[in-house]
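# Analysis of the macromolecular model
If you want the building blocks of each chain, they are given just below.
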Amino acid sequence: MTADSTQRRAVPSVDKVLRALGPLDQPRPLVVDIVRRELARLRLLRAVPEFEDAVRGVRRALRDAARTRIRPVINGTGIVIHTNLGRAPLSPGALKGIQDAAGYCNLEMDLSEGKRAGRAAYVERALALLCGAEAAALTNNGAAALVLALRHFTAAKPEVLISRGELVQIGGGFRVPEILAASGAVMREVGTTNRTTLADYTGAIGPRTGLLLQVHRSNFFMEGFVASVGAGELAALAARKRLPLVVDLGSGAPCATDSWAGEHEPTPSEILKEGAALVCFSGDKLLGGPQAGVIAGKARHVAALKREPFFRALRCDKLVLAAMQGTVEEHLSGNHAANPVQAMLSCDLASLKRRAVRIVRALRELPLHARVGEGTAQAGGGTLPRARIPSVTVDCEPAELAARMREAPTPIIGYVAGQRFRVDLRTVLPEQDRELIAAFRHAVTAEAEPNQL
Ligand SMILES: *Cc1c(COP(=O)(O)O)cnc(C)c1O
């Protein structure tokens, strides 16, 4: 018998491992699949480990898999719109909307007539009002909104004019030139990286031009010898040439950002007032809603986009529409503070400080050297990249706490700076403070490697 087949036999059976694991809290097919993969991995090893070690390996694989399951975390990064953490935390109105729509709802039913009706009419109306637009429509995300607009306006004339200073990459997988190419548009770059003038656009307009596009630079900014064309000037040129101007705003601030960001983020209504035909932006950035793309502007353009067969592939489900409805109603009522994104961004330092003092006091008995620190929060999500928002942190030692805190019942995501593990309270909801304290306790007292499922 070869050494190989001896080892193969030494790998335990799936059943034996399953019995050793005992009761499971993951669906059995998932567990069996993980056991099989783990045993297959052992089969490739030079020396097959002891049975107990094999079972321990399987438990570790199960725990790693369980960690990839979607679950709540506490955001202590100070980055409010954190794409890795699900972007905008939803408001009470949005949550209520989701709950109300989860069962049967009047999604496409006119309750006065008892007949089939259009979808999303109310939330589109509300969004249009919020954006100062004639009409609005919703897609699955901001990228989808842009693609829909690009495809529509370049169907007859394929060229899209865009400044070389706006050919940006937003985040994972969103690069403006690639989105243009994927939409079937022909990109016509104008100006230079740092300077684009109105004359650059004027000179580039030709019989094949279908659209002028302006893209918010999102996560970067330019300084020095720079020039760009404002939406108003560009809209005037577009009107003279009978071309639409579409502005991809990225964030779509529902209200002024000046007070907390120290800089002005153009709002959809401002850009539309300047004459853009359409704006598009994400639902889950500064608007603080669910993942969605908003298109707002001229009624005839919005209606035409909605008639595109491709729109059907991009439409939102009822939960998103209901969450957006709740979000927009709060903004329209002027109750911006009901939205966690807005509340976090505009929260005053004194109340953050009070919470930090209370938390540090609660951690006094633990060997963590907890203390109140100064931090800097950011809007995130490619919004206001220059804004550094003063914030308050809870700082603990050692820095290695970072990994332990991610193992807490509600994982805490903070950051390490100056040899300390830091939690920025601006992005922690006040009602999460108790859980945060519990997580610190858990990190000090729990086993290093909780091996249970
Ligand atoms: C974020 C962003 C997008 C992409 O929006 P998603 O909703 O993430 O698809 C597009 N354009 C700009 C300028 C952005 O900032």
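Every value quoted in this text rests on a predicted model; they were computed, and no experiment measured them.

## Focus on the overall build of the chain
Each helix and strand in the chain was counted, giving 18 helices and 16 strands. In terms of overall dimensions, the chain has C-alpha extents of about 80 × 60 × 60 Å along its principal axes. A buried classification covers 48% of the 453 residues belonging to the chain. Positive and negative charge centroids in the chain, built from 59 and 46 side chains respectively, lie 3 Å apart.

## What about the domain arrangement of the chain?
Each assigned domain of the chain is listed here: domain 1 (3-67), domain 2 (74-85 + 343-445) and domain 3 (92-338). For domain 1 versus domain 3, the separation of C-alpha centres amounts to 50 Å.

## Quick notes on the layout of surface pockets
Roughly 910 Å³ of volume is contained in the largest pocket. Elements that contribute at least two residues to the lining of the largest pocket include exactly α5 (92-102) and α14 (318-332). Sorting elements by how many residues they give to the lining of the largest pocket places α14 first, with three residues. No fewer than three residues from each of domain 2 (74-85 + 343-445) and domain 3 (92-338) sit in the lining of the largest pocket.

## With respect to a positive patch on the surface
A surface patch of positive charge is lined by Arg354, Arg358, Arg361 and Arg364. Within the element layout of this structure, Arg358 appears in helix α16 (residues 349-362).

## Some points on the site of the ligand
Near the ligand there are 13 residues, and of these Gly142, Ser218, Asp248, Ser282 and Lys285 occur at the shortest range. The contact in question runs from an oxygen atom of the ligand to an N or O atom on the side chain of Ser282, over 2.6 Å. Summarising the interface, the protein chains cover 93% of the accessible area of the ligand, which totals 380 Å² for the free molecule. When contributions to the shell around the ligand are tallied by element, the ones reaching two or more residues are α7 (142-153) and β9 (245-250). For the shell around the ligand, the residue count by class is four nonpolar, six polar and three charged.

What counts as what
- Residues numbered from 1 in each chain as written.
- Predicted model: local features only at pLDDT ≥ 70, side-chain atom pairs only at ≥ 80, totals over all residues.
- Heavy atoms only, no water.
- Helix = DSSP H or I, 4+ residues; strand = E, 2+ residues; numbered from the N terminus.
- Buried < 20%, exposed > 50% of the residue type's maximum accessible area, 1.4 Å probe, protein only.
- Lys, Arg positive; Asp, Glu negative; His and termini not counted.
- Charge placed at Lys NZ, Arg CZ, Asp CG, Glu CD.
- Domains from an automatic or database assignment.
- 1 Å grid on protein atoms, 1.4 Å probe; cavity = no way out; pocket = protein on both sides within 12 Å on 5 of 7 lines; lining within 4 Å.
- Points joined across faces, edges and corners; volume = space filled by probe spheres on them.
- Patch = residues over 30% accessible without salt bridge, like charges linked within 9 Å, V, L, I, M, F, W, Y side chains within 5 Å.
- Areas by Shrake-Rupley, 256 points an atom, 1.4 Å probe, with all protein chains shown as cover.
- Salt bridge = Lys/Arg side-chain N within 4 Å of Asp/Glu carboxyl O.
- Near = heavy atom within 4 Å.
- Polar contact = N/O pair within 3.5 Å; in protein donor to acceptor, adjacent residues only side chain to side chain.
- Nonpolar A, V, L, I, M, F, W, Y, C, P; charged D, E, K, R; others polar.

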